[in-house]
Amino acid sequence: PYDVLVVGGGPAGASAAIYAARKGIRTGIVAERFGGQVLDTMSIENFISVSRTEGPKLVASLEEHVKDYEIDVMNLQRAQKLEKKDMFELELENGGVLKSKSLIISTGARWRQVNVPGEEEFKNKGVAYCPHCDGPLFEGKDVAVIGGGNSGIEAAIDLAGIVKHVTVLEFASELKADQVLQERVNSLPNVTIHTNAQTTEITGDENVNGITYIDRESGAENHVELQGVFVQIGLLPNTEWLGNAIERNQIGEVVIDKHNATSVPGAFGAGDCTDGPHNQIIISMGSGANAALSAFDYLIRN
Ligand code: FAD
(Lines give C-alpha, C1' and ligand atoms only; values in the text may rest on other atoms or scores of the structure.)
Protein backbone atom coordinates (compact mmCIF):
# COMPACT_ATOMS: atom_id res chain seq x y z
CA PRO A 1 0.00 0.00 0.00
CA TYR A 2 0.90 3.65 -0.38
CA ASP A 3 1.54 5.98 2.51
CA VAL A 4 0.13 8.85 0.48
CA LEU A 5 -1.99 8.42 -2.62
CA VAL A 6 -2.68 11.61 -4.57
CA VAL A 7 -5.73 11.62 -6.83
CA GLY A 8 -5.36 14.26 -9.57
CA GLY A 9 -2.25 15.40 -11.41
CA GLY A 10 -2.67 19.15 -11.83
CA PRO A 11 -0.52 21.71 -9.99
CA ALA A 12 -2.11 20.79 -6.64
CA GLY A 13 -1.49 17.05 -7.08
CA ALA A 14 2.04 17.45 -8.45
CA SER A 15 2.98 19.70 -5.55
CA ALA A 16 1.41 17.36 -2.99
CA ALA A 17 3.24 14.34 -4.45
CA ILE A 18 6.62 16.09 -4.38
CA TYR A 19 6.15 17.31 -0.81
CA ALA A 20 5.11 13.80 0.30
CA ALA A 21 7.93 12.02 -1.52
CA ARG A 22 10.47 14.38 0.04
CA LYS A 23 9.48 12.89 3.42
CA GLY A 24 10.72 9.52 2.17
CA ILE A 25 7.27 7.94 2.28
CA ARG A 26 5.68 5.77 -0.39
CA THR A 27 3.82 8.09 -2.73
CA GLY A 28 1.62 7.51 -5.75
CA ILE A 29 -0.27 9.84 -8.03
CA VAL A 30 -3.26 8.87 -10.16
CA ALA A 31 -4.31 11.29 -12.89
CA GLU A 32 -6.83 11.16 -15.66
CA ARG A 33 -4.68 13.72 -17.49
CA PHE A 34 -1.41 14.80 -15.89
CA GLY A 35 -1.16 18.60 -15.98
CA GLY A 36 -4.87 19.28 -15.58
CA GLN A 37 -6.24 22.67 -16.59
CA VAL A 38 -2.73 24.02 -17.09
CA LEU A 39 -2.50 21.95 -20.28
CA ASP A 40 -5.32 24.08 -21.73
CA THR A 41 -3.73 27.41 -20.85
CA MET A 42 -1.85 29.38 -23.44
CA SER A 43 -0.26 32.27 -21.64
CA ILE A 44 0.52 32.33 -17.93
CA GLU A 45 1.77 35.63 -16.54
CA ASN A 46 0.96 35.29 -12.84
CA PHE A 47 3.07 32.32 -11.83
CA ILE A 48 5.31 34.35 -9.59
CA SER A 49 9.04 34.43 -10.47
CA VAL A 50 8.33 33.54 -14.11
CA SER A 51 7.31 36.60 -16.16
CA ARG A 52 5.57 34.59 -18.81
CA THR A 53 5.19 30.94 -19.66
CA GLU A 54 2.85 28.60 -21.48
CA GLY A 55 0.70 25.85 -19.99
CA PRO A 56 2.27 22.85 -21.75
CA LYS A 57 5.73 24.18 -20.88
CA LEU A 58 4.85 24.49 -17.20
CA VAL A 59 3.36 20.98 -17.25
CA ALA A 60 6.60 19.61 -18.73
CA SER A 61 8.53 21.18 -15.84
CA LEU A 62 6.05 19.77 -13.33
CA GLU A 63 6.48 16.32 -14.83
CA GLU A 64 10.26 16.59 -14.73
CA HIS A 65 10.20 17.73 -11.11
CA VAL A 66 7.91 14.83 -10.13
CA LYS A 67 10.26 12.40 -11.90
CA ASP A 68 13.15 13.54 -9.67
CA TYR A 69 11.49 11.57 -6.88
CA GLU A 70 10.34 8.01 -6.37
CA ILE A 71 6.72 8.69 -7.14
CA ASP A 72 4.51 6.12 -8.88
CA VAL A 73 2.84 8.15 -11.61
CA MET A 74 -0.29 6.46 -12.92
CA ASN A 75 -1.36 8.73 -15.77
CA LEU A 76 -4.50 8.29 -17.90
CA GLN A 77 -6.25 6.55 -15.00
CA ARG A 78 -9.59 7.73 -13.73
CA ALA A 79 -10.66 7.20 -10.13
CA GLN A 80 -14.30 6.20 -9.86
CA LYS A 81 -14.94 5.21 -6.24
CA LEU A 82 -13.48 5.69 -2.78
CA GLU A 83 -13.96 3.53 0.29
CA LYS A 84 -12.31 3.59 3.69
CA LYS A 85 -11.87 0.23 5.38
CA ASP A 86 -8.72 -0.32 7.45
CA MET A 87 -7.13 1.73 4.65
CA PHE A 88 -8.38 3.89 1.81
CA GLU A 89 -9.33 1.86 -1.23
CA LEU A 90 -9.46 3.73 -4.49
CA GLU A 91 -11.20 1.99 -7.34
CA LEU A 92 -10.10 2.95 -10.84
CA GLU A 93 -12.21 2.89 -13.97
CA ASN A 94 -10.01 0.08 -15.32
CA GLY A 95 -11.10 -2.09 -12.38
CA GLY A 96 -7.87 -1.83 -10.41
CA VAL A 97 -7.93 -0.98 -6.68
CA LEU A 98 -5.17 1.05 -5.00
CA LYS A 99 -4.69 1.00 -1.23
CA SER A 100 -3.26 3.79 0.84
CA LYS A 101 -2.91 4.91 4.47
CA SER A 102 -3.69 8.51 3.56
CA LEU A 103 -5.22 10.24 0.59
CA ILE A 104 -5.00 13.63 -1.09
CA ILE A 105 -7.91 14.59 -3.32
CA SER A 106 -6.85 17.10 -5.98
CA THR A 107 -9.10 16.40 -8.94
CA GLY A 108 -9.57 20.06 -9.84
CA ALA A 109 -12.48 21.68 -11.61
CA ARG A 110 -13.81 22.54 -15.04
CA TRP A 111 -15.46 25.74 -16.28
CA ARG A 112 -19.05 25.40 -17.39
CA GLN A 113 -19.31 26.23 -21.06
CA VAL A 114 -22.09 28.17 -22.81
CA ASN A 115 -22.00 25.71 -25.71
CA VAL A 116 -22.63 28.20 -28.51
CA PRO A 117 -20.92 28.29 -31.91
CA GLY A 118 -17.52 29.98 -31.67
CA GLU A 119 -16.81 29.11 -28.04
CA GLU A 120 -14.64 26.08 -28.77
CA GLU A 121 -13.14 27.56 -31.93
CA PHE A 122 -11.95 30.78 -30.29
CA LYS A 123 -10.73 29.38 -26.97
CA ASN A 124 -7.47 31.18 -26.17
CA LYS A 125 -8.23 33.41 -29.19
CA GLY A 126 -10.49 35.77 -27.31
CA VAL A 127 -12.68 33.33 -25.40
CA ALA A 128 -11.47 33.21 -21.80
CA TYR A 129 -12.64 31.87 -18.47
CA CYS A 130 -10.37 33.48 -15.89
CA PRO A 131 -10.29 37.28 -15.47
CA HIS A 132 -7.33 37.14 -13.04
CA CYS A 133 -5.38 35.22 -15.65
CA ASP A 134 -6.39 36.78 -18.94
CA GLY A 135 -7.86 40.19 -18.05
CA PRO A 136 -4.64 42.11 -18.74
CA LEU A 137 -4.46 40.62 -22.26
CA PHE A 138 -7.50 42.76 -23.14
CA GLU A 139 -6.20 46.09 -21.91
CA GLY A 140 -7.91 48.94 -23.77
CA LYS A 141 -10.22 46.56 -25.69
CA ASP A 142 -13.96 45.82 -25.58
CA VAL A 143 -15.09 42.59 -23.93
CA ALA A 144 -18.24 40.77 -22.87
CA VAL A 145 -18.90 38.78 -19.72
CA ILE A 146 -21.46 36.00 -20.02
CA GLY A 147 -23.16 35.47 -16.66
CA GLY A 148 -24.60 37.86 -14.10
CA GLY A 149 -24.00 35.86 -10.93
CA ASN A 150 -21.32 36.73 -8.38
CA SER A 151 -18.43 35.52 -10.52
CA GLY A 152 -19.75 37.30 -13.61
CA ILE A 153 -20.26 40.62 -11.84
CA GLU A 154 -16.92 40.35 -9.98
CA ALA A 155 -15.32 39.73 -13.37
CA ALA A 156 -17.08 42.74 -14.90
CA ILE A 157 -15.91 45.02 -12.06
CA ASP A 158 -12.38 43.64 -12.29
CA LEU A 159 -12.24 43.95 -16.09
CA ALA A 160 -13.77 47.45 -16.11
CA GLY A 161 -10.55 48.70 -14.52
CA ILE A 162 -8.42 47.24 -17.32
CA VAL A 163 -10.40 47.13 -20.56
CA LYS A 164 -12.20 49.90 -22.46
CA HIS A 165 -15.75 48.60 -22.13
CA VAL A 166 -17.55 45.59 -20.66
CA THR A 167 -20.90 44.22 -21.86
CA VAL A 168 -22.56 41.84 -19.40
CA LEU A 169 -25.04 39.32 -20.79
CA GLU A 170 -27.35 37.61 -18.28
CA PHE A 171 -29.87 35.03 -19.47
CA ALA A 172 -32.33 35.55 -16.59
CA SER A 173 -34.52 38.62 -16.14
CA GLU A 174 -32.33 39.95 -13.34
CA LEU A 175 -28.77 39.70 -12.07
CA LYS A 176 -28.15 37.04 -9.43
CA ALA A 177 -25.07 38.68 -7.91
CA ASP A 178 -25.03 40.05 -4.35
CA GLN A 179 -26.58 43.50 -3.92
CA VAL A 180 -23.26 45.20 -3.08
CA LEU A 181 -21.72 43.88 -6.27
CA GLN A 182 -24.71 45.06 -8.29
CA GLU A 183 -24.46 48.54 -6.79
CA ARG A 184 -20.76 48.66 -7.53
CA VAL A 185 -21.14 47.49 -11.13
CA ASN A 186 -24.01 49.91 -11.75
CA SER A 187 -21.77 52.79 -10.67
CA LEU A 188 -19.20 52.03 -13.37
CA PRO A 189 -19.41 54.18 -16.53
CA ASN A 190 -17.87 51.60 -18.86
CA VAL A 191 -20.12 48.62 -18.09
CA THR A 192 -23.39 47.91 -19.92
CA ILE A 193 -25.69 45.21 -18.58
CA HIS A 194 -28.26 43.32 -20.65
CA THR A 195 -30.62 40.97 -18.83
CA ASN A 196 -32.90 38.51 -20.62
CA ALA A 197 -30.01 38.11 -23.04
CA GLN A 198 -29.44 34.72 -24.58
CA THR A 199 -26.01 34.41 -26.14
CA THR A 200 -26.31 32.60 -29.45
CA GLU A 201 -22.88 32.93 -31.07
CA ILE A 202 -19.33 34.14 -30.55
CA THR A 203 -18.10 35.43 -33.89
CA GLY A 204 -14.59 35.96 -35.23
CA ASP A 205 -12.09 35.46 -38.01
CA GLU A 206 -8.62 34.70 -36.61
CA ASN A 207 -9.72 35.95 -33.20
CA VAL A 208 -13.01 36.90 -31.57
CA ASN A 209 -14.62 39.96 -33.19
CA GLY A 210 -18.09 39.97 -31.67
CA ILE A 211 -20.95 38.36 -29.82
CA THR A 212 -24.54 37.77 -30.87
CA TYR A 213 -27.44 37.53 -28.43
CA ILE A 214 -31.20 37.42 -28.54
CA ASP A 215 -33.22 39.77 -26.36
CA ARG A 216 -35.63 37.21 -24.90
CA GLU A 217 -38.31 39.84 -24.31
CA SER A 218 -38.50 41.35 -27.78
CA GLY A 219 -37.01 38.42 -29.69
CA ALA A 220 -34.63 40.82 -31.43
CA GLU A 221 -31.16 39.62 -32.38
CA ASN A 222 -28.31 41.94 -31.43
CA HIS A 223 -24.62 41.90 -32.29
CA VAL A 224 -21.86 43.67 -30.34
CA GLU A 225 -18.39 44.11 -31.81
CA LEU A 226 -15.67 43.26 -29.30
CA GLN A 227 -12.39 41.40 -28.88
CA GLY A 228 -12.91 39.21 -25.85
CA VAL A 229 -15.56 37.07 -24.17
CA PHE A 230 -15.29 35.90 -20.56
CA VAL A 231 -17.55 32.96 -19.80
CA GLN A 232 -18.55 33.13 -16.13
CA ILE A 233 -21.39 30.70 -15.63
CA GLY A 234 -19.80 28.47 -13.03
CA LEU A 235 -16.83 26.33 -12.13
CA LEU A 236 -17.72 22.69 -11.51
CA PRO A 237 -15.50 20.66 -9.18
CA ASN A 238 -14.49 17.19 -10.45
CA THR A 239 -15.77 15.44 -7.36
CA GLU A 240 -18.80 13.45 -8.54
CA TRP A 241 -16.77 10.25 -8.16
CA LEU A 242 -16.58 10.79 -4.38
CA GLY A 243 -20.31 10.25 -3.84
CA ASN A 244 -20.92 10.38 -0.10
CA ALA A 245 -17.46 9.15 0.89
CA ILE A 246 -16.28 12.69 1.78
CA GLU A 247 -18.23 15.79 2.82
CA ARG A 248 -18.82 18.19 -0.07
CA ASN A 249 -20.61 21.54 -0.01
CA GLN A 250 -23.73 22.53 -1.99
CA ILE A 251 -21.79 23.07 -5.18
CA GLY A 252 -19.81 19.87 -4.80
CA GLU A 253 -16.53 21.25 -3.49
CA VAL A 254 -14.63 19.14 -0.96
CA VAL A 255 -14.90 20.85 2.43
CA ILE A 256 -11.48 21.34 4.07
CA ASP A 257 -10.09 23.04 7.17
CA LYS A 258 -6.88 25.06 7.46
CA HIS A 259 -4.84 21.83 7.56
CA ASN A 260 -6.58 20.80 4.32
CA ALA A 261 -8.23 17.97 6.29
CA THR A 262 -11.58 16.68 4.99
CA SER A 263 -14.44 15.14 6.96
CA VAL A 264 -12.66 11.75 6.93
CA PRO A 265 -9.47 11.36 9.02
CA GLY A 266 -6.48 10.69 6.77
CA ALA A 267 -8.11 12.20 3.67
CA PHE A 268 -7.02 15.68 2.62
CA GLY A 269 -8.12 17.97 -0.20
CA ALA A 270 -6.12 20.43 -2.31
CA GLY A 271 -6.64 22.90 -5.14
CA ASP A 272 -9.67 23.79 -7.24
CA CYS A 273 -11.77 20.82 -6.10
CA THR A 274 -11.92 22.21 -2.56
CA ASP A 275 -13.97 25.03 -1.03
CA GLY A 276 -11.07 27.50 -0.99
CA PRO A 277 -12.00 30.98 -2.25
CA HIS A 278 -9.60 31.47 -5.19
CA ASN A 279 -8.54 29.12 -7.94
CA GLN A 280 -5.10 29.76 -9.34
CA ILE A 281 -2.02 27.70 -10.18
CA ILE A 282 0.12 29.19 -7.44
CA ILE A 283 -2.65 28.79 -4.86
CA SER A 284 -3.22 25.16 -5.89
CA MET A 285 0.46 24.39 -5.49
CA GLY A 286 0.48 25.91 -1.99
CA SER A 287 -2.66 24.01 -1.18
CA GLY A 288 -1.08 20.73 -2.35
CA ALA A 289 2.00 21.38 -0.20
CA ASN A 290 -0.18 22.08 2.83
CA ALA A 291 -2.19 18.90 2.26
CA ALA A 292 0.96 16.75 1.94
CA LEU A 293 2.50 18.15 5.13
CA SER A 294 -0.78 17.53 6.95
CA ALA A 295 -0.91 13.97 5.59
CA PHE A 296 2.62 13.40 6.91
CA ASP A 297 1.54 14.74 10.33
CA TYR A 298 -1.38 12.33 10.26
CA LEU A 299 0.84 9.36 9.34
CA ILE A 300 3.34 9.93 12.15
CA ARG A 301 0.48 10.10 14.67
CA ASN A 302 -1.38 7.01 13.48
P1 FAD B 1 -6.59 20.83 -12.24
O2 FAD B 1 -5.57 21.63 -12.92
O3 FAD B 1 -8.00 20.91 -12.65
O4 FAD B 1 -6.12 19.31 -12.22
C5 FAD B 1 -6.98 18.27 -11.84
C6 FAD B 1 -6.32 16.93 -12.08
O7 FAD B 1 -7.18 15.88 -11.62
C8 FAD B 1 -6.05 16.60 -13.54
O9 FAD B 1 -4.87 15.85 -13.63
C10 FAD B 1 -7.26 15.76 -13.92
O11 FAD B 1 -7.03 14.94 -15.05
C12 FAD B 1 -7.40 14.95 -12.67
N13 FAD B 1 -8.70 14.31 -12.44
C14 FAD B 1 -9.94 14.84 -12.48
N15 FAD B 1 -10.87 13.91 -12.18
C16 FAD B 1 -10.19 12.76 -11.95
C17 FAD B 1 -10.57 11.42 -11.57
N18 FAD B 1 -11.84 11.07 -11.36
N19 FAD B 1 -9.60 10.50 -11.42
C20 FAD B 1 -8.28 10.81 -11.62
N21 FAD B 1 -7.87 12.06 -11.95
C22 FAD B 1 -8.82 13.01 -12.12
N23 FAD B 1 -4.40 29.95 -13.20
C24 FAD B 1 -3.38 30.81 -13.03
O25 FAD B 1 -2.83 30.92 -11.92
N26 FAD B 1 -2.89 31.55 -14.08
C27 FAD B 1 -3.41 31.48 -15.33
O28 FAD B 1 -2.98 32.18 -16.24
C29 FAD B 1 -4.51 30.57 -15.55
N30 FAD B 1 -5.11 30.47 -16.75
C31 FAD B 1 -6.09 29.55 -16.94
C32 FAD B 1 -6.60 29.39 -18.24
C33 FAD B 1 -7.56 28.43 -18.48
C34 FAD B 1 -8.08 28.25 -19.88
C35 FAD B 1 -8.05 27.60 -17.39
C36 FAD B 1 -9.07 26.54 -17.66
C37 FAD B 1 -7.54 27.79 -16.11
C38 FAD B 1 -6.57 28.76 -15.87
N39 FAD B 1 -6.04 28.96 -14.59
C40 FAD B 1 -4.98 29.81 -14.43
C41 FAD B 1 -6.54 28.23 -13.41
C42 FAD B 1 -5.60 27.06 -13.06
O43 FAD B 1 -5.34 26.32 -14.22
C44 FAD B 1 -6.22 26.20 -11.97
O45 FAD B 1 -6.51 26.99 -10.84
C46 FAD B 1 -5.29 25.06 -11.56
O47 FAD B 1 -4.91 24.28 -12.65
C48 FAD B 1 -5.96 24.17 -10.52
O49 FAD B 1 -5.10 23.12 -10.19
P50 FAD B 1 -5.62 21.76 -9.58
O51 FAD B 1 -4.43 20.89 -9.48
O52 FAD B 1 -6.42 22.02 -8.37
O53 FAD B 1 -6.67 21.18 -10.63
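All values derive from a computational prediction rather than experimental measurement. Residue numbers restart at each chain and count upward from 1, following the sequence in its written direction. Per-residue local features are limited, in this predicted model, to residues with pLDDT of at least 70; the limit for side-chain atom pairs, both in listing and counting, is 80 or more; totals at the level of whole chains, interfaces and linings are taken over all residues.

Q: How do you make sense of the overall build of the protein chain when you look at a structure like this?
A: Per the convention used, a helix needs a DSSP run of H or I reaching at least four residues, while a strand needs a run of E reaching at least two, with both numbered from the N terminus. Scanning the protein chain from N- to C-terminus turns up 6 helices and 19 strands. Atoms counted for the radius of gyration: C-alpha only. Globule rule: 2.2 Å times the number of residues to the power 0.38. Computed over its C-alpha atoms, the radius of gyration of the protein chain comes to 21 Å, within 12% of the 19 Å expected for a compact globule of 302 residues. Principal-axis analysis of the C-alpha atoms gives the protein chain an extent of 65 × 35 × 35 Å. To assign burial, the other C-beta atoms lying within 10 Å of each residue's own C-beta are counted, with C-beta atoms placed from the backbone; 20 or more indicates buried, 12 or fewer indicates exposed, and intermediate counts indicate partly exposed. In the protein chain, which comprises 302 residues, the share counted as buried stands at 41%. In the protein chain, the proportion of contacts linking residues at least 24 apart, taken out of those at least 6 apart, comes to 62%. Whether two residues are in contact is decided by their C-beta atoms, placed from the backbone, lying within 7 Å.

Q: Hey, could you run me through the sheet that holds strand β17 (residues 228–231) in this one?
A: Adjacent strands of a sheet form backbone hydrogen bonds with each other and so pair up, either parallel or antiparallel. Only strands that DSSP links by at least two bridges are regarded as paired with each other. With parallel pairing, 5 strands are arranged side by side in an open sheet as β10-β17-β11-β12-β13. Pairing within the sheet leaves two strands with one partner each, and these edge strands are β10 (127–128) and β13 (191–194). Pairing of strand β11 (residues 142–146) with β17, which is carried by 4 bridges, proceeds in the parallel orientation. Residue V145 lies in a different strand from β17, and its bridge partner there is F230.

Q: Where do I start with the nonpolar core in this structure?
A: For soluble globular proteins, nonpolar side chains are generally found buried alongside one another. Working definition: the nonpolar core is a set of buried Ala, Val, Leu, Ile, Met, Phe, Trp, Tyr and Cys residues, joined through C-beta atoms within 7 Å. If you look at the biggest cluster of nonpolar residues, it comprises 45 residues, and the most contacted ones within it are L5, V7, A16, A17, V30 and I104. At 8 residues, the largest contribution of residues to this core is made by helix α1 (residues 11–21). Those residues in contact with V7 that lie beyond four places of it in its chain are V30, A79, L90, L103, I104, I105, S106 and T107. Listed in part, the 33 residues of the second largest apolar core include A155, A160, V229 and V231.

Q: Looking at this structure, how should I read the environment of V168?
A: With respect to the secondary-structure elements, V168 resides in strand β12 (residues 165–169). With 27 C-beta atoms packed within 10 Å, V168 lands in the buried category. Expressed as a C-alpha distance, the spacing of V168 and Q179, which sit 11 residues apart in the sequence, is 16 Å. Beyond its immediate stretch of four places on either side in the chain, V168 contacts V145, G148, G152, A156, V191, I193 and H194.

Q: Would you mind showing me how to read the site of the ligand here?
A: The ligand sits among 38 residues. The nearest are G8, G10, G36, G108 and G271. Listing elements by their share of the shell around the ligand, those giving two or more residues are α1, β2 (27–31), β9 (109–111) and α6 (281–301). Amino acids are sorted into nonpolar (Ala, Val, Leu, Ile, Met, Phe, Trp, Tyr, Cys and Pro), charged (Asp, Glu, Lys and Arg) and polar (every other residue, Gly among them). Of the residues that constitute the shell around the ligand, the class distribution is 17 nonpolar, 16 polar and 5 charged. Residues are counted as near a molecule or strand when the C-beta atom, derived from backbone positions, lies within 6 Å of that molecule or strand.

Q: So what exactly am I meant to see when it comes to the sheet that holds strand β16 (residues 221–225) here?
A: If you trace the 3 strands from one edge of the open sheet to the other, you get β14-β15-β16, paired in antiparallel fashion. Taken across any chain shown, the strands that pair with only one partner, and hence form the sheet edges, are β14 (197–204) and β16. Averaged over all pairs of adjacent strands, the angle between their axes in this sheet comes to 25 degrees, without regard to strand direction. Where β14 and strand β15 (residues 208–215) come together, 7 bridges link them in antiparallel fashion. Counted as the bridge partner of Q198 is I214 from β15. For helices, the axis comes from a line fit to the C-alpha atoms of the stretch in contact; other axes are also lines fit to C-alpha atoms, and the angle between any two N-to-C directions lies between 0 and 180 degrees.

Q: Help me out: how do you make sense of the pairing of strand β7 (residues 88–92) in this one?
A: With 5 bridges connecting them, strand β6 (residues 79–84) and β7 associate as antiparallel partners. Considered in β7, the bridge of K81 is made with E91. In this antiparallel pair of consecutive strands, β6 and β7, the connection spans 3 residues. Where β7 meets strand β8 (residues 97–105), 4 bridges bridge the pair, whose relative direction is antiparallel. Residue pairing across strands places F88 opposite S100, the latter belonging to β8. A loop of 4 residues connects β7 with β8, the two strands running antiparallel in sequence, and G95 in this loop sits at a positive phi of about 100 degrees.

Function cannot be read off these values alone, since they describe shape.
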